[in-house]
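Coordinates in review
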Amino acid sequence: MTAALLQVAQIALVVLLAPLMTGLVRLIKARLLGRRGPPLLQPYRDLTRLLRKDAVLAANASWLFRAAPYFVFALTWLAASLVPGVTAVLALAPTADLIALIAILASARFLLALAGMDVGTSFGGIGSSREMLIAALAEPAMLMVTFTVALVAKSTSLSEIARFIIGGGVGLEVSLALALMAVLMVAIAENGRVPVDNPATHLELTMVHEAMVLEYSGRHLAMIEAASMLKLLTYASMIACIFVPWGMAVEATPHALLLGLVTYVAKLAAAAVLLAVFETSIAKMRVFRVAEFLGGALMLSLIATIVRLMSEGL
Amino acid sequence: MNGTLVDPIHAILGLPLLAAAALTLMPSHRMAAKVNILAAFGTFLATTQLFLHRPEPTALVFIDDFNIYLVVLTAFVAFTSSMFSADYIQHEVDIGKLPPIYLRFYSAMFQLLTFSMLLALVSNNLGLMWVAVEAATLTTVVMVSVYRTREAIEAAWKYFILASVGIALALFGTILIYLAAQPVMGPSLEAMAWAAILPHAPQMAPELLNLAFVFLLVGYGTKVGLFPLHAWLPDAHSEGPTPISAVLSGLLLNVALYAVIRFKMLLAANGAALSPGPLMIAIGLTSLLFAAVMLYRRRDIKRLFAYSSIEHMGIVTFAFGMGGPLANFAGLLHMAMHSLTKSAIFFTVGHIAQVKGTQRMSEIGGLTASHPWLGWTFVIAVLAIAGLPPFGLFMSEFVLVTSTFARAPALAILLVLGLLVAFGAMVLRVQSLAFGAVVGPTEGNTVRLRLSLLPILVHLGLVLAAGLWLPAPLVAWFQAVARQLG
Amino acid sequence: MSPSLLGQLDYSAAHLFSAMVLLGSFAMIYQRRMVGMFNAFAFQAFALAAAAAWQAYIQEAHHLYVTAAMALLLKGLLIPFALRVIVRRLDIHRSIEVVIGIGVTMLVGIGLVALSALLVMPVTAGAAATTREDLALALSVVLIGLLIMISRRNAVTQVIGFMSMENGLILAVIGVAGMPLVVEMSVAFAVLVAFIIFGLFFFRIRERFDSLDVHYLETFRGERR
């Protein structure tokens, strides 16, 4: 019963926190660049404004184009609410499997890529094809990371992994450190952050994600924007859950839950700060370098697996 | 120092080192060549002392039946090479190919090279031997690049990179050997000493030894010039000064091979380890056949004989790979004979190149007509290296072929095929170089022949003598070593 | 801390540092720029120094501190600096000419890591876990160094490949408990490396050719400048 309640709370919490986190990243980036930047709550305002507006559709847009944003949002929301953040005691915890999570996010991306090509403009097509290129490289890397983590924690369930790590099952584990680096690189690519893609760009040639969703407007756009904010939050929570789970409530006592909430928000804030600092300190890479960047992630995750296998004595 | 004035090992290692130091510090470079010869002679004398008084093995150096013969041979060829270099380098300075200061530099490097080769041979410690081989590589790299031409620097660079890679792999193999020895002997300096680990070889982990040997064979094999890691060898030989080509072919290859054979002994002593023989047979035979074919397409006279060195190293590797008293005997004899003959050839080639002013074989011809003594010496030396009777190389090749026929006829056929192909190439080259129409200058521009003539004659004389009649004690001793090699 | 936990830390820290050295190798493969490669090399040297110092500490082998210091000062600071100077003085292309693509090289590199694990792990069953993994990682660093030498054509990058190979060897040496002559070997390597760097400088002084690309050496025809 508590688990179900907590799950409902989690579902509400992620959708509330996601725009805040994006707003924080934007604010810090602006400050680091010497601008005043938008207020912290600007993303909420953007979303409500977009929701109020009418959607403009291309004449040849199919039902897929109209349906995709809702599905994408729903899938991403589902993914975000699966990842244990405040507590590991969740009703959906048994389904919160890393592989399932990757699959859910992948199907959201697949829908979006289809929608990008639906109208038949060149930008949508180029965006979709680039997005799929990134996905083709990022997903194997992510799966190798999953594999490594599973080798360490003997489980692919996120709450199990979190419990295992909190329980002090591992000391200084090289394969986890390598996996962390790999997953960070994947997360940057998946969320279209700076060295791979620029979320704020309007330069057509370098756009990936923005090119794909260029045809969207109004409430459709609001769905997509919200989905990408949720995705960022999902990745941040997932990394926190696997690599720094400390503070998460493993039992549903009020005290532990309060501590869990505080640490969760703190972790997200830290992730936002780090992301902003990283993004401002690095230049966007050329698109053909992206393959190498993600190849690097794949390589790291493979080394992590091999090193882990080595420790197990082969 | 029990009884004798100086421990011979101290003299053997100390003399070249002191000479090298003295040569670098010496204000004048006129005396350099003489000091060089004198030091080399002293070293050679000191090595002969080893026969009379064999020092006890220490943790770092030791002398046994096997390395004593290589030590003496090395010191001897180093001595004759120093005699040859005196004239050769003086001539290069005279014609302005080298600045005079290089007389001193060259001599100092020569002594350092002698030192590191002798150190590699007498060292009782795997690590020390490795360091010595590395030092020998470095000095030869410097020597090869001494002319500073683009080709010389390219050759030196290639040599350097390949040899360094080889040496790095060899170190990894050495570490693995230590790892195998350590559980048996405990962590100590002893666990890296030849004399100490050999009796313990049967207790070592065979898989570890196998892996180590593969690394060592590839690593030191690069320095031996075995196919497919031979690429540096022809370039280094053709672009460096000729005395260095002689030392490279005659001595340094032997030193590297010595290391391989030592490790082979270790593996052979461990019953459970993989037999190193087939591996060495395969690599030796490939080198032989490859080099024999390559001999035909050479244009540069020094490259020709560089490939011939690859060929002969292949033969020796093959012989030790076969193992057994007879084949080992043949291998040991072949090492010595090749050392003497090949250095004699390079001495002769050095003269020829200086007389004709070129190394291109198309610009050399009719040597017996234009320079009778030089031409005929060359003919004799080439016949010796081709393995014709009555020279020593014929003896060793004959023993090897017959013993192989008795044990593995199929391999023997390949071996003979390689030898014949190489022989054909040599005969073809001799015809165009020594006989036929005279090509190139007929009157050598004042090459002095007095001192540098001697080493060639001595070497060829020894090879001839060995081919005609090997003294019984020498045979008995070679046989003893051959048995020890297993 | 309990002894077993302390032993766990000994092991995992050693493991961590060795893996960092390996990571340095991959960082070198990943680089497209000369300077990036120098940085990756420096990173590897720092990791190596840490590994050596840690081994010195857990084995109580004080001579390993010398090796660690040499790795830190020579390879971590001096050599990258010297290489930068060389690149600037010689006007070498700042980008790296890759013979084999970066992605492929990385994949081959992974294959080499797997290969060395498969080679070393079964044959060292008797040795301590630290030694075994250290050796497996060291062998992969050696092999990847070789790979860099083959797949990056420029002479400077070849030198870096060689030096990283050598880092792998030092890593192997320090991991084997009680190995004698470690310092001597690292000194010998230092001489070798000094020699190479000197050689690079030397080429410039002679000005016999205007590219360090070994390929040019092989096919040089006439003056280009």
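1. Brief notes about the overall build of chain A
Tallying secondary structure elements over chain A gives 11 helices and 0 strands in all. Counting from the amino terminus, helix and strand elements in chain A follow one another as α-α-α-α-α-α-α-α-α-α-α. Taken over the C-alpha atoms alone, chain A extends approximately 60 × 45 × 45 Å along its principal axes. Burial analysis of chain A (314 residues in total) assigns 51% to the buried set. Within chain A, contacts between residues at least 6 apart in sequence are counted, and of these 80% link residues at least 24 apart.

2. Regarding the overall build of chain B
In terms of regular secondary structure, chain B is built from 19 helices and 0 strands. Here the C-alpha atoms of chain B give a radius of gyration of 21 Å, agreeing with the 23 Å that 2.2 N^0.38 yields for 486 residues. The buried share among the 486 residues of chain B stands at 61%.

3. Considerations on the nonpolar core
One broad trend across soluble globular proteins is that nonpolar side chains are buried collectively. Counting 381 residues, the largest nonpolar core has A141, A182, L233, L294 and I303 of chain A together with F172 of chain B as its most contacted members. If one sorts the elements of this core by residue count, helix α6 (residues 150–185) of chain B sits on top with 24 residues. Here this core spans two domains, since at least three of its residues come from each of domain 1 (1–173 + 230–256) and domain 2 (277–486) of chain B. Once residues within four sequence positions are removed from consideration, A141 of chain A is found in contact with A182, V186, L294, A297, L298 and S301 of chain A.

4. A short note on the interface of chain C and chain A
On the side of chain A, 18 residues touch chain C, which itself brings 20 residues to the contact. Listing elements by their share of the side of chain C that touches chain A, those giving two or more residues are α1 (3–30), α4 (102–123) and α5 (129–151) of chain C. Sorting elements by how many residues they give to the side of chain C that touches chain A places α1 of chain C first, with 10 residues. Each residue belonging to the side of chain C that touches chain A can be placed in one class, and the counts come to 15 nonpolar, 4 polar and 1 charged.

5. Side note on the interface of chain C and chain B
Many analyses report the size of an interface as the accessible area lost when the parts associate. Contacts between chain C and chain B engage 35 residues on the former and 28 residues on the latter. Counting only elements with at least two residues in the side of chain C that touches chain B, the list comes to α4, α5, α6 (155–175), α7 (182–206) and α8 (214–219) of chain C. Taken together, the residues of the side of chain C that touches chain B sort by class into 27 nonpolar, 4 polar and 4 charged.

6. A closer look at unusual backbone geometry
The omega torsion of the bond from F227 of chain B to P228 of chain B falls at 0°, within 30 degrees of zero and hence cis. Along the polypeptide, P228 of chain B turns up in the loop between α8 (206–224) and α9 (232–239). For the bond running from P389 of chain B to P390 of chain B, omega is 5°, close enough to zero to count as cis. Structurally, P390 of chain B can be placed in the loop between α15 (372–386) and α16 (392–407). One non-glycine residue, K154 of chain A, lies in the positive phi region at around 60°. Here K154 of chain A lies in the loop between α5 (122–153) and α6 (158–166). By the C-beta count within 10 Å, which is 11 here, K154 of chain A ends up exposed. With a phi close to 55°, E60 of chain C is a non-glycine residue in the positive phi region. Considering the arrangement of structural elements, one finds E60 of chain C in the loop between α2 (34–59) and α3 (63–90).

7. Overview of helix α2 (residues 42–52) of chain A
All names here are of chain A. Those residues of α2 that fall on the buried side of the exposure criterion are P43, L47 and L50. Along the axis of α2, the buried residues cluster in a sector spanning 65°; they form a single face. Opposite its buried face, α2 presents the exposed residues T48, R49 and R52, each directed more than 90 degrees away.

8. Here we look at the environment of V85 of chain C
With respect to the helices and strands, V85 of chain C occurs in helix α3. V85 of chain C sits 67 residues away from R152 of chain C along the chain, and the two C-alpha atoms are 20 Å apart.

9. Here we look at the domain arrangement of chain B
All names here are of chain B. When its domains are assigned, chain B resolves into domain 1 (1–173 + 230–256) and domain 2 (277–486). Spacing between the C-alpha centres of domain 1 and domain 2 amounts to 22 Å. Listing elements by their share of the side of domain 1 that touches domain 2, those giving two or more residues are α3 (65–94), α9 and α10 (242–269). Tallying contributions element by element places α3 first for the side of domain 1 that touches domain 2, with 12 residues. Broken down by class, the residue content of the side of domain 1 that touches domain 2 amounts to 13 nonpolar, 11 polar and 2 charged.

10. Description of the arrangement of the chains
Sorting the 2 pairs of chains in contact by contact count puts chains B and C at the top. You won't find any contact between chain A and chain B; their C-alpha atoms come no closer than 17 Å.

11. Remarks on the packing of α5 of chain A against helix α7 (residues 174–190) of chain A
Residue and element names in this part refer to chain A. Two elements in contact, α5 and α7, have axes separated by 9 Å at closest approach and are oriented at 150°. Judged by the angle between their axes, α5 and α7 are roughly antiparallel. Classified by chirality, the crossing of α7 by α5 is left-handed. Here I134, A138, A141, M142, V145, T148, V149 and V152 of α5 lie close against α7, whose contacting residues are S175, L176, A179, A182, V183, V186, A189 and E190.

12. Describing the environment of I58 of chain C
All names here are of chain C. Tracing the chain through its elements places I58 in helix α2. For the pair I58 and I160, spaced 102 residues apart in sequence, the C-alpha to C-alpha distance is 30 Å. Those residues within four positions of I58 in sequence are excluded, and the remaining contacts are D10 and A14.

13. So, the packing of α7 of chain A against helix α11 (residues 287–311) of chain A
All names here are of chain A. Packing of α7 against α11 leaves a shortest axis separation of 8 Å and a crossing angle of 160°. Between α7 and α11, the interaxial angle falls into the category roughly antiparallel. Relative to α11, the crossing made by α7 is left-handed. Residues V174, S175, L178, A179, M181, A182, M185, V186 and A189 of α7 pack against F293, L294, G296, A297, L300, S301, I303, A304, V307 and R308 of α11. Its residues placed into classes, the contact of α7 with α11 shows 15 nonpolar, 3 polar and 1 charged.

14. Observations concerning the confidence of the model for chain B
For residues with low pLDDT, the predicted coordinates do not support detailed interpretation. Residues and elements named next belong to chain B. When the pLDDT values of chain B are averaged, the result is 85; 97% of them are 70 or greater. Within chain B, no element has a lower average pLDDT than helix α14 (residues 367–370), which sits at 81, and none a higher one than helix α12 (residues 301–322), at 91. This complex was scored by the predictor with a pTM of 0.83 and an ipTM of 0.84.

15. Quick look at the environment of V142 of chain B
All names here are of chain B. Here V142 is to be found in helix α5 (residues 126–144). In this structure V142 comes out as buried when scored by C-beta crowding, with 20 C-beta atoms within 10 Å. With 14 residues separating them along the chain, V142 and A156 place their C-alpha atoms 7.4 Å apart.

Reading the values: the criteria
Residues numbered from 1 in each chain as written. Chains lettered and ligands numbered in written order. Predicted model: local features only at pLDDT ≥ 70, side-chain atom pairs only at ≥ 80, totals over all residues. Helix = DSSP H or I, 4+ residues; strand = E, 2+ residues; numbered from the N terminus. Buried ≥ 20, exposed ≤ 12 C-beta atoms within 10 Å, placed from the backbone. Contact = placed C-beta atoms within 7 Å. Rg over C-alpha atoms; globule rule 2.2 N^0.38 Å. Core = buried A, V, L, I, M, F, W, Y, C linked by C-beta atoms within 7 Å. Domains from an automatic or database assignment. Nonpolar A, V, L, I, M, F, W, Y, C, P; charged D, E, K, R; others polar. Arc of directions from axis to C-beta. Axes fitted to C-alpha atoms, helices over the stretch in contact; angles between N-to-C directions. Parallel < 35°, antiparallel > 145°, perpendicular 65-115°, else oblique. Left-handed = near helix turned anticlockwise from the far one by under 90°. pLDDT = per-residue confidence, 0-100.

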